[in-house]
There are 2 protein chains.
Amino acid sequence: MSAPATAARARTGLEALFAPRGIAVVGASATPGKLGAVMAEALSSYDAPLALVNPRAEGMHPGLGAAAAALEAPLDLAVLCVPAAVTAATLREAAAAGVQAALVCAGGFAEVGGPGVQHQQDVAEVLGETGIRLLGPNTSGFFVPRLGLRASFVPGVSSIAPGRIGVVSSSGGVNHAVSFRLQQAGVGVSLGVGLGAGIDVTAPDVIDHLAADRHTAVIALHIETVADGPRMMEAIRRASAVKPVVALVIGKNDVAEFAQSHTGALATSWRTSRSVLRQCGAVLVGDETELVDAAVALSRTRIPAHPDPGVGLITGQAGPGLIVADQLAGADVTVPRLTGATVSALSQLLPPLTFQANPVDTGRPGPEFPEVVRAVAADPGIQAVGLYGILEPVVDLPAAVEEAGLAGTPALIAVDGPPEGTAAAVAAGAQRGLPVVTGPTALARGLAALVRDARAQHGLGRAAVAAPPISAGTGPWDEAEAKDLFEAAGIPVPARARAGTREAARAAFRSLRTPVAVKLVDAAVLHKTEIGGVHLGIATEAQLDEALVTLDRAGAKEYLLEEMAPSGIDLVVGARRDPVFGPVVLLGLGGTAAEALADVALRAAPLSAGATGSMIDELAGKALLRGWRGGPSVDVDQLTHVLAALGATLTADPGIAEIEINPLRLTADGLVALDAVIVATEVPTEEE
Amino acid sequence: MSAPATAARARTGLEALFAPRGIAVVGASATPGKLGAVMAEALSSYDAPLALVNPRAEGMHPGLGAAAAALEAPLDLAVLCVPAAVTAATLREAAAAGVQAALVCAGGFAEVGGPGVQHQQDVAEVLGETGIRLLGPNTSGFFVPRLGLRASFVPGVSSIAPGRIGVVSSSGGVNHAVSFRLQQAGVGVSLGVGLGAGIDVTAPDVIDHLAADRHTAVIALHIETVADGPRMMEAIRRASAVKPVVALVIGKNDVAEFAQSHTGALATSWRTSRSVLRQCGAVLVGDETELVDAAVALSRTRIPAHPDPGVGLITGQAGPGLIVADQLAGADVTVPRLTGATVSALSQLLPPLTFQANPVDTGRPGPEFPEVVRAVAADPGIQAVGLYGILEPVVDLPAAVEEAGLAGTPALIAVDGPPEGTAAAVAAGAQRGLPVVTGPTALARGLAALVRDARAQHGLGRAAVAAPPISAGTGPWDEAEAKDLFEAAGIPVPARARAGTREAARAAFRSLRTPVAVKLVDAAVLHKTEIGGVHLGIATEAQLDEALVTLDRAGAKEYLLEEMAPSGIDLVVGARRDPVFGPVVLLGLGGTAAEALADVALRAAPLSAGATGSMIDELAGKALLRGWRGGPSVDVDQLTHVLAALGATLTADPGIAEIEINPLRLTADGLVALDAVIVATEVPTEEE
């Protein structure tokens, strides 16, 4: 499915937007403070011909045709500072003048309803006819500091330095906020883009562009909505193979009404977006400060693909080191105990007052510090090193790390001190190719990002599990049919028999091991227990007869008799169709409490081999699957098979909308599907 | 129990430490870089006489007696730059010379074991005999920027500005890290203290000192261990009545081995410490960056005590505003829809393109901005206002807020922009008494801190619930005794009967409504179900007889027969003695999954009236208690009574170590305690 990178580059073709040979500002103005004046001023620092267009302003071009004719270079980009109502017409004029890309800052399109909807349709029509690429509408623009190209009406961006981090944001405001925050952190930006409404140029387009951009070392994403799930997944999968992708997804909590007014409805859930993007290789973060911490850490170094990289933590002060260690443990980052040989080497270097087994507490770093760093990095369990120190004149962490000569082991440094001191440390790190952040939390978050990136790469590098596709019928499914389907797919189900009459039920009862469960079979009934349609622990024919009478009263047409499973831990697994990302599979814990807590892990189908283990890791109640209080541990291969089979079923059969096995019980004998619902896709009624 | 503030001030008596009239550095040195030289240099900027003591150094005093005699002011403070082995002797010499307080930076005491334990005992003995106060050992000191007093060997602290935030940290390193971070945020520090081992001066001492310090507006705490729980609770309760207290507690995850090497064992749990400190009025935060965000917000303004303050959020850019709104929702902060009158007023001020119902998206702030702020702040549902804007020359948020004239409604401003721009905005805010932070996340965290502080104050202002003390026996308890106890305390229990013989059991069965549960009664058996000691759904005498036979085989001496409760949601409640904080009560959800998730809320006894509601709010699965899927909602008064009764029982009866009701079932008829364990305190065997 994935196209070669060169094809992607050709298809996105965003050079006209992000490195134009000539620019025109339409609606330029000479009145200070007006958008058309601010934009013209901002673009004047870019080293390419600039044309100002305004038919009513003296000394400006009357139209784009005249501007193109006058310009000494191809007019690639038109920056539109005009209202929504005239945007479509202006774009048509631009295309006629040879313009290949446009930036539209104005709002007033579909997001406001009314005439705005028509304006947007008009614009879409022009795009379709002319092939012109459009960034926006409703954005504050973009900037490429390396080129001095600033298509933004925020004057402060002129001070943002060139750097290695590409910022792609749903929102013009967040693009600026994140870029300024990177500047505060002492690092620069390769490209900063606010997509706005994103009716043409979308996040996957820019991700493709940045994946191929040799000035960009890491991609930082801010995502409010995903318009085209498969395209986004493909772009992140492809980009993360060549450079790290860090993503902040908005909408954990209910902010739908406000979000709708901004960039539109949230078609999929926060949880689904995060899970799927992570699965494609992105490192997920929780807020814009963590986005910055992670991007800075990943902008200089990357741990090679690894299932569980070990981090060595070296700290000059125990208290801040304890904060880092606490957060690393919370982020599920392994800080392994160092080998005896390493500990022994460290004990020669450090005073006996400190903790040395990892974290390594050095006390105030002394001349032996580079040797300490070298010893920790050389430990076989260590794939990356984190260093913390309060700035003192006698201590220069970047120099010490350079002196240590880490031979490829990634390192992240954090300092605390006066602002001028931390800025100097960041600059010293940059000279040596070392990322430097401020404070214990930034160190922990940066290290966690390095580890998550390596884990994601490892997961993607493994071959996908081939699950047997399941042949399925159409129309509604009852429980007995569902279990036949599962059995065919190798999903364990209890021994059982279907019976249409009481006599057949009695015969079935004699063939099964008691006690049995006796249930009503009816595809139309989703919650059998609530109408008295389930009877458990039936051990005698007398009890069976009593149960059958009750089932008949509940409207049973058929019965299902089933051997009862041993006790165990109840899980819920399922598959459904996400409107954005297609078939997704879910794993959660059973029971009302787990349901209320929404303790569920989710992945897009098909699953890679490592996916099941990482899904279990995501569950807050994962301990229950791993021998809780001497109980059974889940067989990951068996669970992988169940999940892959569910995903494969939805992929193979468009007639199935949703499958839920609830509970899938974890017993000492393995997994067994005790109850299941299969929902058929609604088929539109045919008109006669 | 709580002493008047003046008494506390007299008792802590830390003026000799934090505002000494004269200082001596013992172990002073002329060799640059040595601790004794760095400390002497750091203290030279303080405006009080300074004596350098070193018998082996030319031009220095040979001892503390000579130094005191030579000094033109009382020698209040001795700063010891000497090894652990000679610390006790030096302290004794200091006390003889009239010194009232000492700072001991060295490590090498009890935390390293061996001879260090003896050194610490020697020091404790001198403190006991002389009454001299000691900060440390094993700390990098403290600083009072307002006085130019810097007893720290980190030279960078000389650039930390005077300010309104008092920092009290378990760790010298974290004291510096947090203070530098406050400096990065553009605000200053009133006092920064690292307690180190804290063998004499502890966090409650410094909290008492800061509560009475008119230069301190907010207290920022970093806590690794709590040595004296009741004293800490008292100090925070008293301080938070007069100024906000923000607390970061370390140890969420397992870092015990490293922590032990630093400041000692974690006697209580992270969860317990957080719950109890919150209950005493502190605002709890998750990392050092949030500590700074919260302290900055609370350093200029405080929402008056309120059960649920509403926040008005005004943003110049929708994208960052959405990040703030998402995080506020996640932090359980109410962002209420504005009244029709306010929305109507805003619609006159703002273009129709934006969302105005709260959050209020203004677009780029224009001249109408102060009026927008005034309208939002005047809304009856709004108790605080948050403002976000990307810096542009045309926008000055602090000036606009001042112009709005908020008449006491607290406001917090966040900006994003180039470093020099944000620094100017922070300074402009400070001139107007307005807190200014950087970025959406800092705004959300600051607003959440304002809201949590107001809620905590509200909770403390309400009268405590008086629970009936329960008279209890001694020795081990069986389930029947426990239920009798609960019944006496007004905790609902099922109708039941205790029977010593099968005949008595049959008689009891006839007196109860069927079906019943029949259980083994034995105080020595904690987990009856696991040995076949529980039989449910007994509806006939034949079934009863069968059950009694099985119970006899399981070793039953007595039986408990009990009417079965209707189905519902199972909770777990309990009370136990925390080694640091004394009696605490717990509330959680029942079932294996909830147990594995550790979804539990906890408070110290006695409970205030609002505590139960806030405990429910803390549960991840709180929806289950509030009419989940049409089921029953908990009666908060009834649950309060149950929890208060459990806490009162432990307070009243030292013979009970622990009570657990599991499950406490929430049914349509209210709560009912279905099973319970009471653990008696172990009584030491008397020697004959």
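Residues numbered from 1 in each chain as written. Chains lettered and ligands numbered in written order. Predicted model: local features only at pLDDT ≥ 70, side-chain atom pairs only at ≥ 80, totals over all residues. Heavy atoms only, no water.

Colleague: Could you give an account of the domain arrangement of chain A, naming the residues involved and the relevant values?
Modeller: Taken domain by domain, chain A comprises domain 1 (1-138), domain 2 (139-299), domain 3 (302-461), domain 4 (495-563) and domain 5 (569-680). Using only C-alpha atoms to locate each centre, domain 4 of chain A and domain 5 of chain A end up separated by 27 Å. (Domains from an automatic or database assignment.)

Colleague: Mind laying out the pattern of salt bridges, listing which residues take part and the relevant values?
Modeller: Under the criterion given, the structure shown has 70 salt bridges over all chains. Across the pair R238 of chain B and D208 of chain B runs a salt bridge whose closest N-O atoms are separated by 3.0 Å. Of the two residues, R238 of chain B is situated in helix α9 (residues 229-242) and D208 of chain B in helix α8 (residues 203-211); the sequence distance between them amounts to 30 residues. Take D208 of chain B: its relative accessible area is 7%, and that puts it in the buried class. Residue R506 of chain B is joined to E503 of chain B by a salt bridge in which the shortest nitrogen-to-oxygen separation is 3.1 Å. With R506 of chain B and E503 of chain B both in helix α20 (residues 502-511), this residue pair falls three residues apart, about one helical turn. R506 of chain B gets classed as buried once you look at its relative accessible area, which sits at 19%. One salt-bridge network, in which partners are shared between bridges, spans R133, D200, D205, D208, R231, E234 and R238 of chain A. (Salt bridge = Lys/Arg side-chain N within 4 Å of Asp/Glu carboxyl O. Helix = DSSP H or I, 4+ residues; strand = E, 2+ residues; numbered from the N terminus. Buried < 20%, exposed > 50% of the residue type's maximum accessible area, 1.4 Å probe, protein only.)

Colleague: Account for the interface of chain B and chain A, with residues named and values stated.
Modeller: The partner chain A presents 82 residues to the 82 residues of chain B that form the contact. Summing both partners gives a buried area of about 6300 Å² for chain B against chain A, and 68% of it is carried by carbon and sulfur. The interface formed by chain B and chain A includes zero salt bridges. In this structure, the connection of chain B to chain A is made through twelve residue pairs in polar contact (both at pLDDT 80 or more). Among the secondary structure elements, those contributing two or more residues to the side of chain B that touches chain A are α7 (172-184), α10 (256-262), α12 (288-298), α13 (318-330), β15 (384-390), α17 (419-431), α18 (440-461) and α22 (592-597) of chain B. (Contact = heavy atoms within 4.5 Å. Buried area = accessible area lost by both parts, 1.4 Å probe. Polar contact = N/O pair within 3.5 Å; in protein donor to acceptor, adjacent residues only side chain to side chain.)

Colleague: I'd love a proper account of the packing of helix α20 (residues 502-511) of chain A against helix α21 (residues 541-553) of chain A, names of residues and values included.
Modeller: All names here are of chain A. Remark: α20 packs on α21, axes separated minimally by 11 Å, with the N-to-C direction vectors making an angle of 140°. By the angle between their axes, α20 is oblique relative to α21. Where α20 crosses over α21, the two elements pack in a sense that is right-handed. From α20, R502, A505, R506, F509 and R510 reach across to α21, where they touch E541, L544, D545, L548, V549 and D552. (Axes fitted to C-alpha atoms, helices over the stretch in contact; angles between N-to-C directions. Parallel < 35°, antiparallel > 145°, perpendicular 65-115°, else oblique. Left-handed = near helix turned anticlockwise from the far one by under 90°.)

Colleague: Let's hear about empty space enclosed by the protein: which residues, and what values?
Modeller: It is the rolling of a water-molecule-sized probe over the atoms that shows where space remains empty. Residues and elements named next belong to chain A. For the coordinates displayed, the defined rule picks out two cavities of 30 Å³ or more. As a volume, the largest cavity reaches approximately 90 Å³. Lining the largest cavity we find 13 residues, and of these E479, D522, V525, K528 and A676 sit closest to its centre. Breaking the lining of the largest cavity down by element, the ones donating at least two residues are β19 (516-521) and β27 (676-680). Take the lining of the largest cavity: its biggest share by element is three residues, from β27. The residue inventory of the lining of the largest cavity, partitioned by class, reads nine nonpolar, no polar and four charged. Shared between two domains, the lining of the largest cavity takes at least three residues from each, and those domains are domain 4 (495-563) and domain 5 (569-680). (1 Å grid on protein atoms, 1.4 Å probe; cavity = no way out; pocket = protein on both sides within 12 Å on 5 of 7 lines; lining within 4 Å. Points joined across faces, edges and corners; volume = space filled by probe spheres on them. Nonpolar A, V, L, I, M, F, W, Y, C, P; charged D, E, K, R; others polar.)

Colleague: I'd like a rundown of the side chain of D599 of chain B, residues and numbers included.
Modeller: Looking at where D599 of chain B falls in the secondary structure, it is placed in the loop between α22 and β24 (600-604). There is no salt bridge for the buried D599 of chain B, and the closest opposite charge comes from R271 of chain B, which lies 4.9 Å off by N-O distance. One polar contact links the side chain of D599 of chain B to the main-chain amide nitrogen of G621 of chain B, over a distance of 3.0 Å. Leave out the neighbours within four places in its chain, and D599 of chain B touches L597 of chain A together with R271, L587, G588, L589, A594, E618, L619, A620 and G621 of chain B. (Lys, Arg positive; Asp, Glu negative; His and termini not counted.)

Colleague: How would you sum up helix α13 (residues 318-330) of chain A? Please name residues and give values.
Modeller: Residue and element names in this part refer to chain A. The end-to-end C-alpha distance of α13 is 18 Å, a good match for the 18 Å that 13 residues give at a rise of 1.5 Å each. Counting buried positions over the 13 residues of α13 gives eleven, a clear majority of the element. Buried residues of α13: A318, G319, P320, G321, L322, I323, V324, A325, D326, Q327 and L328, and no others. Looking one or two places after α13, you find D332, whose phi comes out positive at around 65°. (Expected span 1.5 Å × (residues − 1).)

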